[in-house]
Amino acid sequence: MKHLFKPQMFKGLLALLILLLIIKLLWFVVEVVWLPSTGVEHAEEKGGKALYYRVKLTPNEAPAPTKPTSTRPTKPQGSIKDIELLAIYNASDITVITVSYKNKTKVLSKGDEINGFVLEGAGSNFATFSKNAKTYQISLLKSKKGDNSVSTTKSTASGTPSETRSSSSKVEGDIVDAGDHRLVDKSLVEHYAKNMEEITKNIGIAEQKEGKDLKGFRVTFVRKNSHFSKLGLRRGDVIKSINGQEITSYNAAMDVYKNINAMDSLSLTITRGKEEMELEYEIN
Amino acid sequence: MQMVKKIFITLFIAWFALLVFMPKQALYYKLEEELAKNEIKINEKAIEEGVFSLTLKQASVYVKGIKIATIEELTLFTLLFYTKVELDSLLLDDSLKAMAPQQTDKAVLSHSMLSPLEASVNAEGSFGVIEGSIDLKERNLHINFSETKEIETIRSLLKKDEKGWYYETSF
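Since the model is a prediction, treat every value here as computed from it, not as a measurement.

**Student:** Explain the overall build of chain B here, please?
**Tutor:** On a plain count of helices and strands, chain B comes out with 2 helices and 11 strands. Ordered by position in the sequence, the α and β elements of chain B form the string α-α-β-β-β-β-β-β-β-β-β-β-β. Here chain B, with 171 residues, has 13% of them falling under the buried criterion. A separation threshold of at least 6 residues defines the contact pool for chain B, and within that pool the share at least 24 residues apart is 28%.

As structure tokens, then:
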């Protein structure tokens, strides 16, 4: 009788099938025992963000304005126009400005009054006054080239001149302490939003964890005489929330960074030691 | 001679079967698990399994919850003795464009058993063309820019020698 298949060929084929079966079985065991059946996906935060409003509850203060622009100190109102800012001397411990009022030159320091307007602070090219719970800002007269730079250079004499000179020449605008809050120049915000590297040079931020959970971001250093030193943040402060939004993830922090240009006010909740504090900023 | 031939055929079939039957998607999920331990997550629209490869379509890469980049197509290819990761059209997130070049048209990371302690990197994009190598023993990365375009954002990280710009770091 003649065989249809050679027994040797049949044996080889069988051995091949067994080999394939063993490999398939091997992978099957690996898959069942060690490998996950689903992947790890990043869940987008879809929860609505809490609306943020800055409400002043201090007595004897004007009620919340109907138009948000009315509280902004950008538009000088009333007789503030009579005051002309001639020069600024702005050091870390003292602010002195020279103004011209009714053709008379007067030197004012922080807290001094002129025509009912109280000097609150000054930036590199502007001064801030307050009157009847409203804030006003006047810009430096650009009469002579170099006037401004002279006053700025003077102000840095106690610190590191080269550092501050470079930052003030590159970046326009400043941060002014206006009592309960600080006024931050928008151009400054825009500059740092574009140059993230400059942020890391001036302020150190590290994550603050409790166990595995992120509880905020700790300030590890603040460069002296930098814009960030004027924000009121100190080494060791822990930033817990920004505009009421808890900063418990990098994504939340990134959200603030992405939208910073559209913000006109900013509120940081920080813990300093055991004390919880709120730092308020007005961006204009 | 016949015996040697048989052994080679068996080995070849075993190698081929290992690759074909490899549970590529499940192995990728395992890789995702390991990456997640380092707070790196990849969200992909679709996964396609090939005979020797696995392709991810429209993958978004998140690091510590922040979206870093979107990759149009990411292919993981292996022959066991040669492995290659190919990225097509990588677009860095808008929020990071101030820190690094935004567009990478193509990037290839490959590793061969012929030089097991070295992996090579090639890429081209808005920054120009780069060629580099990763020394797995010394744990350092060296990238040469053979052509430079928009490197302003990363210029401070680069060094220059007679061949041109290069980037070096250790990990």
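Still to come is the rest of the account.
**Student:** Honestly, the overall build of chain A in this entry has me stumped. Any pointers?
**Tutor:** Across its full length, chain A carries 6 helices and 15 strands. Across the 284 residues in chain A, those meeting the buried criterion constitute 21%. Contacts spanning at least 24 positions in sequence make up 48% of the contacts within chain A whose residues lie at least 6 apart.

**Student:** I would appreciate a short explanation of unusual backbone geometry in the present structure.
**Tutor:** Look at Asn 225 of chain A: it is not a glycine, yet its phi comes out positive at around 65 degrees. Looking at the secondary structure, you find Asn 225 of chain A in the loop between strand 11 (213-222) and strand 12 (238-242). Non-glycine residue Glu 39 of chain B carries a positive phi angle of around 60 degrees. You can see Glu 39 of chain B is positioned in the loop between helix 2 (24-37) and strand 1 (40-43).

**Student:** I would appreciate a short explanation of the nonpolar core in the present structure.
**Tutor:** A general feature of soluble globular proteins is that nonpolar side chains tend to end up buried together. Counting 34 residues, the largest nonpolar core has Ile 97 and Ala 127 of chain A as its most contacted members. Contact partners of Ile 97 of chain A, with chain neighbours within four places excluded, come to Leu 85, Ala 87, Ile 88, Leu 108, Leu 119, Ala 122 and Ala 127 of chain A. Counting 10 residues, the second-largest nonpolar core is a separate cluster that includes Ile 42, Leu 56, Ile 71 and Leu 90 of chain B.

**Student:** Sorry if this is basic, but what is going on with the environment of Gly 236 of chain A here?
**Tutor:** Tracing the backbone through its elements, the reader meets Gly 236 of chain A in the loop between strand 11 and strand 12. A residue is classified by how many C-beta atoms lie within 10 Å of it, and Gly 236 of chain A, with 13 of them, is partly exposed.

**Student:** Is there a simple way to think about the sheet that holds strand 3 (residues 104-109) of chain A in this case?
**Tutor:** Strands belonging to one sheet form pairs held by backbone hydrogen bonds; the direction of such a pair is parallel or antiparallel. All names here are of chain A. Overall, antiparallel pairing links the 3 strands, which are arranged 1-2-3 in an open sheet. In the strand order of this sheet, the two ends are held by strand 1 (83-90) and strand 3, each with one partner. Strand-to-strand twist of the sheet, defined as the mean angle between neighbouring strand axes without regard to direction, takes the value 20 degrees. Where strand 1 meets strand 2 (residues 95-101), 7 bridges bridge the pair, whose relative direction is antiparallel. When the sheet's bridge partners are listed, Leu 85 is paired in strand 2 with Val 99.

**Student:** Would you mind going over the sheet that holds strand 4 (residues 113-114) of chain A with me for this structure?
**Tutor:** Residue and element names in this part refer to chain A. Reading across from one edge, 4-5-6-7 is the order of the 4 strands in this open sheet, with antiparallel pairing throughout. Two strands in the sheet have a free side with no partner beyond their single neighbour: strand 4 and strand 7 (134-139). With 4 bridges joining them, strand 5 (residues 117-122) and strand 6 (residues 126-131) adopt antiparallel strand pairing. Within the sheet, the bridge partner assigned to Gly 121 lies in strand 6 and is Thr 128.

**Student:** What should I look at first to understand the interface of chain B and chain A in this one?
**Tutor:** When the parts of a complex come together, some accessible area is lost, and that lost area is often taken as the interface size. At the interface, 24 residues of chain B touch 24 residues of chain A. The dominant element in the side of chain B that touches chain A, judged by the number of residues it contributes, is helix 2 of chain B, at 7 residues. Each residue belonging to the side of chain B that touches chain A can be placed in one class, and the counts come to 15 nonpolar, 4 polar and 5 charged.

**Student:** Is there a simple way to explain the pairing of strand 5 of chain A in this structure?
**Tutor:** Regular strands place their side chains on alternate faces of the sheet. All names here are of chain A. When you tally the buried positions in strand 5, you get 5 out of 6 residues, the bulk of the element. Looking at chain direction, strand 4 and strand 5 are connected through 2 bridges and run antiparallel. If you follow Ile 114 over to strand 5, its bridge partner there is Phe 117. Connecting strand 4 to the next strand, strand 5, in antiparallel fashion are 2 residues, including Asn 115 with a positive phi near 55 degrees. The loop that links strand 5 with its antiparallel partner strand 6 comprises 3 residues.

**Student:** Can you walk me through the confidence of the model for chain A in this structure?
**Tutor:** All names here are of chain A. For chain A, the mean per-residue pLDDT works out to 75, and 74% of the residues sit at or above 70. Contacts of residues 66-77 to residues separated by more than four positions or lying in other chains number 15 contacts, the stretch itself having pLDDT below 50. A low-confidence stretch, residues 143-169 stays under pLDDT 50, and its non-local contacts, those more than four residues away or across chains, total 30 contacts.

**Student:** I'm lost on the environment of Leu 231 of chain A in this one. Help?
**Tutor:** Residues and elements named next belong to chain A. Its location among the elements puts Leu 231 in the loop between strand 11 and strand 12. In this structure Leu 231 comes out as buried when scored by C-beta crowding, with 20 C-beta atoms within 10 Å. Note: C-alpha distance between Leu 231 and Glu 280 (49 residues apart in sequence) is 9.3 Å. Sequence-distant contacts of Leu 231, that is, excluding residues within four places in its chain, are made with Ile 175 and Arg 182.

**Student:** Just checking my understanding: could you explain the packing of helix 1 (residues 7-33) of chain A against helix 1 (residues 2-20) of chain B for this structure?
**Tutor:** Two measures define how a pair of helices packs: the angle their axes make with one another and the distance between the axes. For the pair helix 1 of chain A and helix 1 of chain B, interaxial distance at closest approach is 10 Å and the crossing angle is 35 degrees. Helix 1 of chain B is crossed by helix 1 of chain A, and the crossing has right-handed handedness. Touching Leu 16, Leu 19, Leu 20 and Ile 23 of chain A of helix 1 of chain A are Thr 10, Ile 13, Ala 14, Ala 17 and Leu 18 of chain B, all from helix 1 of chain B. Residue composition of the contact of helix 1 of chain A with helix 1 of chain B, by class: 8 nonpolar, 1 polar and no charged.

**Student:** Sorry, what's going on with the pairing of strand 8 (residues 128-135) of chain B here?
**Tutor:** Residues and elements named next belong to chain B. Sheet topology places strand 7 (residues 118-125) next to strand 8; 8 bridges connect them, and they run antiparallel. Pairing of Ala 123 across the sheet is with Ile 130, part of strand 8. Where strand 7 folds back onto strand 8 in an antiparallel hairpin, the turn is made up of 2 residues. Note: strand 8 against strand 9 (residues 140-148), 8 bridges, orientation antiparallel. Among the inter-strand pairings, Ser 133 is bridged to a residue of strand 9, identified as His 142. The hairpin turn running from strand 8 into strand 9, its antiparallel successor, is 4 residues long, and Arg 139 in that turn takes a positive phi close to 55 degrees.

Conventions we followed
Residues numbered from 1 in each chain as written. Chains lettered and ligands numbered in written order. Predicted model: local features only at pLDDT ≥ 70, side-chain atom pairs only at ≥ 80, totals over all residues. Helix = DSSP H or I, 4+ residues; strand = E, 2+ residues; numbered from the N terminus. Buried ≥ 20, exposed ≤ 12 C-beta atoms within 10 Å, placed from the backbone. Contact = placed C-beta atoms within 7 Å. Core = buried A, V, L, I, M, F, W, Y, C linked by C-beta atoms within 7 Å. Pairing = 2+ DSSP bridges. Axes fitted to C-alpha atoms, helices over the stretch in contact; angles between N-to-C directions. Nonpolar A, V, L, I, M, F, W, Y, C, P; charged D, E, K, R; others polar. pLDDT = per-residue confidence, 0-100. Left-handed = near helix turned anticlockwise from the far one by under 90°.

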